[in-house]
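# Report on the structure
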Amino acid sequence: MRQSPIRPSGPVASAAADVGELIELLEIVWERGRDTVSAPPVSSAQARVLFIIEKNEEISPGALGRLLGAAPPSVTRLCDRLQAIGFLERNPSPADRRELQLQLTGRGRAYLGDLRLRRQEALTEAMAAMPAASRDALAVGLADFLDAVAGPLRLPAAGHSESARSRTA
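Just so we're clear, the structure is a prediction, and the values are computed from it rather than from any experiment.

This next bit is on the overall build of the protein chain. For the protein chain, the helix and strand inventory stands at six helices and two strands. Scanning the protein chain from its N terminus toward the C terminus, one meets helices and strands in the order α-α-α-α-β-β-α-α. The 169 residues of the protein chain split such that 24% are buried. Summarising the internal contacts of the protein chain: among those between residues at least 6 apart in sequence, 52% fall at separations of at least 24. Of the accessible surface of the protein chain, which amounts to about 11,300 Å², a share of 58% is contributed by carbon and sulfur atoms.

A positive phi angle is found at Glu-58, which is not glycine, with a value near 65°. For Glu-58, the location among the structural elements is in the loop between helix 2 (44-55) and helix 3 (61-68).

This brings us to a negative patch on the surface. Together, Asp-18, Glu-21, Glu-24 and Glu-27 make up a region of like negative charge exposed at the surface. One can find Asp-18 in helix 1 (residues 11-36).

What follows deals with the nonpolar core. Residues Ile-53, Ile-59, Leu-64 and Leu-82 are the most contacted members of the largest nonpolar core, which totals 22 residues. When contributions to this core are tallied by element, the ones reaching two or more residues are helix 2, helix 3, helix 4 (72-84), strand 2 (100-104) and helix 5 (106-128). Broken down by element, this core gets its largest block of residues, five residues, from helix 2. For Leu-82, the contacting residues outside a window of four places in its chain are Val-42, Gln-46, Val-49, Leu-50, Phe-87 and Leu-88.

Here we take up helix 4. Across its 13 residues, helix 4 extends 18 Å between first and last C-alpha, which sits within 8% of the 18 Å expected from 1.5 Å per residue. If you check which residues of helix 4 are buried, you get Val-75, Leu-78, Cys-79 and Leu-82. Taken around the axis of helix 4, the buried residues stretch over an arc of 95°, which confines them to a single face. Counted as exposed and oriented over 90 degrees from the buried face of helix 4: Arg-77 and Ala-84. Where helix 4 is buried, its residues meet helix 2, helix 3, strand 1 (88-92) and strand 2. Remark: Gly-86 follows helix 4 within two positions and exhibits a positive phi of approximately 85°.

Let us look at the pattern of salt bridges. Enumeration according to the criterion identifies five salt bridges in this entry. Note that Asp-114 is salt-bridged to Arg-118, the shortest N-O span being 3.5 Å. Taken together, the residues span about one helical turn, with Asp-114 and Arg-118 both in helix 5 at a distance of four residues.

An α-helical turn contains 3.6 residues, so any two residues separated by three or four positions project in the same direction. Given a rise of 1.5 Å per residue, 23 residues ought to cover 33 Å, and the 32 Å separating the end C-alpha atoms of helix 5 matches this to within 8%. Three or more residues of helix 5 are buried, namely Gly-108, Tyr-111, Leu-112, Asp-114, Leu-115 and Arg-119.

Moving on, we come to the packing of helix 2 against helix 3. Contact geometry of helix 2 with helix 3 gives a least axis separation of 11 Å together with a crossing angle of 115°. Relative to helix 3, helix 2 is oriented so that their crossing is right-handed. Judged by residue contacts, Arg-48, Val-49, Ile-52 and Ile-53 of helix 2 engage Leu-64, Leu-67 and Leu-68 from helix 3. Considering only residue class, the contact of helix 2 with helix 3 consists of six nonpolar, no polar and one charged.

Cut-off values and rules
Position labels on residues start from 1 in each chain and follow its written sequence. Only residues with pLDDT of at least 70 get local features here, since the model is predicted, and only at 80 or more are side-chain atom pairs given and counted; chain-wide, interface and lining totals rely on the full set of residues. For the side-chain quantities, the full set of heavy atoms in the structure was used; hydrogens and water were omitted. Helix and strand definitions here come from DSSP, where helices need a minimum of 4 consecutive H or I residues and strands a minimum of 2 consecutive E residues; each element is numbered from the N-terminal end. Relative accessibility under 20% of the residue-type maximum defines a buried residue, over 50% an exposed one, and the middle range a partly exposed one, all with a 1.4 Å probe and only protein chains included. In what follows, residue pairs with any heavy atoms lying within 4.5 Å of each other are defined as contacts. What sets the accessible areas is the Shrake-Rupley method with a 1.4 Å probe; for residues, cover comes only from the shown protein chains. Only residues above 30% relative accessible area that lack a salt bridge enter a patch, with like-charged residues linked at up to 9 Å and the nonpolar side chains Val, Leu, Ile, Met, Phe, Trp and Tyr linked at up to 5 Å. Think of a salt bridge as a Lys or Arg side-chain nitrogen and an Asp or Glu carboxyl oxygen that are within 4 Å of each other. The sign given to each residue is positive for Lys and Arg and negative for Asp and Glu; His and the chain ends receive no count. A charge is said to be at NZ when it belongs to Lys, at CZ for Arg, at CG for Asp and at CD for Glu. To define a nonpolar core, start from buried Ala, Val, Leu, Ile, Met, Phe, Trp, Tyr and Cys residues and group those joined through side-chain atoms within 4.5 Å. To estimate the expected span of a helix, subtract one from its residue number and multiply by 1.5 Å. Here the arc refers to the directions that run from the helix axis out to each C-beta atom. A fitted line through C-alpha atoms represents every axis, and for helices the fit uses only the stretch in contact; the resulting angles, taken between N-to-C directions, go from 0 to 180 degrees. Definitions for this section: a left-handed crossing has its near helix turned counterclockwise from the far helix by less than a right angle. A right-handed crossing has that turn clockwise. Residue classes follow a fixed rule: Ala, Val, Leu, Ile, Met, Phe, Trp, Tyr, Cys and Pro count as nonpolar, while Asp, Glu, Lys and Arg count as charged, and any other residue, Gly among them, counts as polar.

See below:
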């Protein structure tokens, strides 16, 4: 006889379960969007690297590894592949020439823009099927959720303090 897992109860646990299910569905949409972009395919891990570098321009490989929770050899391999397809550059740091900085190339930025466009189209279609009041509530809730989740993925730096609440839905 199969037992169902014991799940924490309460509104936060219930909302977390719902968000978990939503994330699983979004991963399917994300992969579909990634597969339709007209550039060389990148893995999910490589796409995460691109997004993190975009949010933390001129990040060092060590800092990238800390944000990813990845070992230096893994970070190096990810960056090697992204550099080989022209999405990433490694440049010496102006502060310390022994340290490298990772930067997206124009081609890497274009890839992310195209990927976002494809994903946005899929999300727009889904959200158009929702009642307006639900869309509005979702926009407010997602802005708060973004604040809670995105903070740990950004390095503290000037220009990163803008709240998600100031964005329009």
